[in-house]
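Here are the chains, one letter per residue:
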Amino acid sequence: TKLYADATSSNGVEVVSLAGLGDDHEAVGENMAKSIASWLDEEWIPQEVHVKMGISVKNTYIRCRSSGLDDVAEIMTQVTDDLFDNWAEYNADAFVNAWDIGNYVADYLIAKSGSETCGCSTRIVD
């Protein structure tokens, strides 16, 4: 017997649709960048590096969505890879790592898309 999260899924995982975010990827990316910086500022202390990491995430998000990518896990991984590739730019001042940011991005996209989140999801800062 196999259990499925929804009737259209063949692997038991419900696919999160980002259609609810609309086609203005620049605006979504900008809001996400601000959210990341605010989240990190609240968690730690206000720092310019938080803004820089948010800008990196914004650029990655726009690039992914403009190329037709709408899978949260793939966007999260690309965000993490891009941050990691340039981590020397952030490392001296950051209290988090690239995966912390990537996980926040996944939680952000899931929450903002209107999909169901879980109790372990990071609180999204607006």
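Here the structure is shown first, and the text comes after it.
Residues numbered from 1 in each chain as written. Predicted model: local features only at pLDDT ≥ 70, side-chain atom pairs only at ≥ 80, totals over all residues. Heavy atoms only, no water.

Let's talk about helix α4 (residues 98-112)
Turning to step 1, where the next piece is worked out: If you check α4, its first and last C-alpha atoms are 21 Å apart, about what 15 residues at 1.5 Å a residue would give, namely 21 Å.
Turning to step 2, where the next piece is worked out: Looking only at α4, the buried set comprises A98, I101, G102, Y104, V105, A106, D107, Y108, L109 and I110.
Turning to step 3, where the next piece is worked out: Of the surrounding secondary structure, the elements contacted by the buried residues of α4 are α1 (25-43), α2 (48-66) and α3 (72-85).
Turning to step 4, where the next piece is worked out: Between the side-chain oxygen at the start of α4 and the backbone nitrogen of W99 there is a gap of 2.8 Å, and the oxygen is on N97. (Helix = DSSP H or I, 4+ residues; strand = E, 2+ residues; numbered from the N terminus. Expected span 1.5 Å × (residues − 1). Buried < 20%, exposed > 50% of the residue type's maximum accessible area, 1.4 Å probe, protein only. Contact = heavy atoms within 4.5 Å. Polar contact = N/O pair within 3.5 Å; in protein donor to acceptor, adjacent residues only side chain to side chain.)

Description of the nonpolar core
Turning to step 1, where the next piece is worked out: M53, L83, I101, V105 and L109 are the most contacted members of the largest nonpolar core, which has 31 residues in total.
Turning to step 2, where the next piece is worked out: Among the elements that take part in this core, α4 stands out by supplying eight residues, more than any other.
Turning to step 3, where the next piece is worked out: When neighbours within four sequence positions are excluded, I101 is seen to be in contact with I36, W39, L40, M53, V57, V79, L83 and V96. (Core = buried A, V, L, I, M, F, W, Y, C linked by side-chain atoms within 4.5 Å.)

Examining the packing of aromatic side chains
Turning to step 1, where the next piece is worked out: Taken as a whole and judged by the stated rule, the model has four aromatic pairs.
Turning to step 2, where the next piece is worked out: Pairing W44 with F95 gives two aromatic rings, centres 5.0 Å apart and planes at 15°, and the pair type is stacked. Of the two residues, W44 sits in the loop between α1 and α2 while F95 sits in the loop between α3 and α4, which places them 51 residues apart along the sequence.
Turning to step 3, where the next piece is worked out: In this structure F95 comes out as partly exposed when scored by relative accessible area, which is 46%. (Phe/Tyr/Trp six-rings, centres within 6.5 Å; stacked < 30°, edge-to-face > 60°.)

Notes on the packing of α2 against α3
Turning to step 1, where the next piece is worked out: The interhelical angle for the contact between α2 and α3, taken along N-to-C directions, is 135°, at an axis separation of 9 Å. By the criterion of interaxial angle, the relationship of α2 to α3 is oblique. Relative to α3, α2 is oriented so that their crossing is right-handed. Contacts between α2 and α3 involve M53, S56, V57, T60, Y61, R63, C64 and R65 from the former and I75, Q78, V79, D82 and L83 from the latter. (Axes fitted to C-alpha atoms, helices over the stretch in contact; angles between N-to-C directions. Parallel < 35°, antiparallel > 145°, perpendicular 65-115°, else oblique. Left-handed = near helix turned anticlockwise from the far one by under 90°.)

Examining the packing of α1 against α2
Turning to step 1, where the next piece is worked out: Axis separation between α1 and α2 bottoms out at 8 Å; the angle between their running directions is 150°. Considering their axes alone, α1 and α2 lie roughly antiparallel with respect to each other. As α1 runs across α2, the sense of the crossing is right-handed. When α1 is examined against α2, the residues H25, E26, V28, G29, E30, M32, A33, I36, A37, L40 and D41 are found in contact with a partner set consisting of H50, V51, M53, G54, I55, V57, K58, Y61, I62, R65 and S66.
Turning to step 2, where the next piece is worked out: Here the contact of α1 with α2 is composed, by residue class, of twelve nonpolar, five polar and five charged. (Nonpolar A, V, L, I, M, F, W, Y, C, P; charged D, E, K, R; others polar.)

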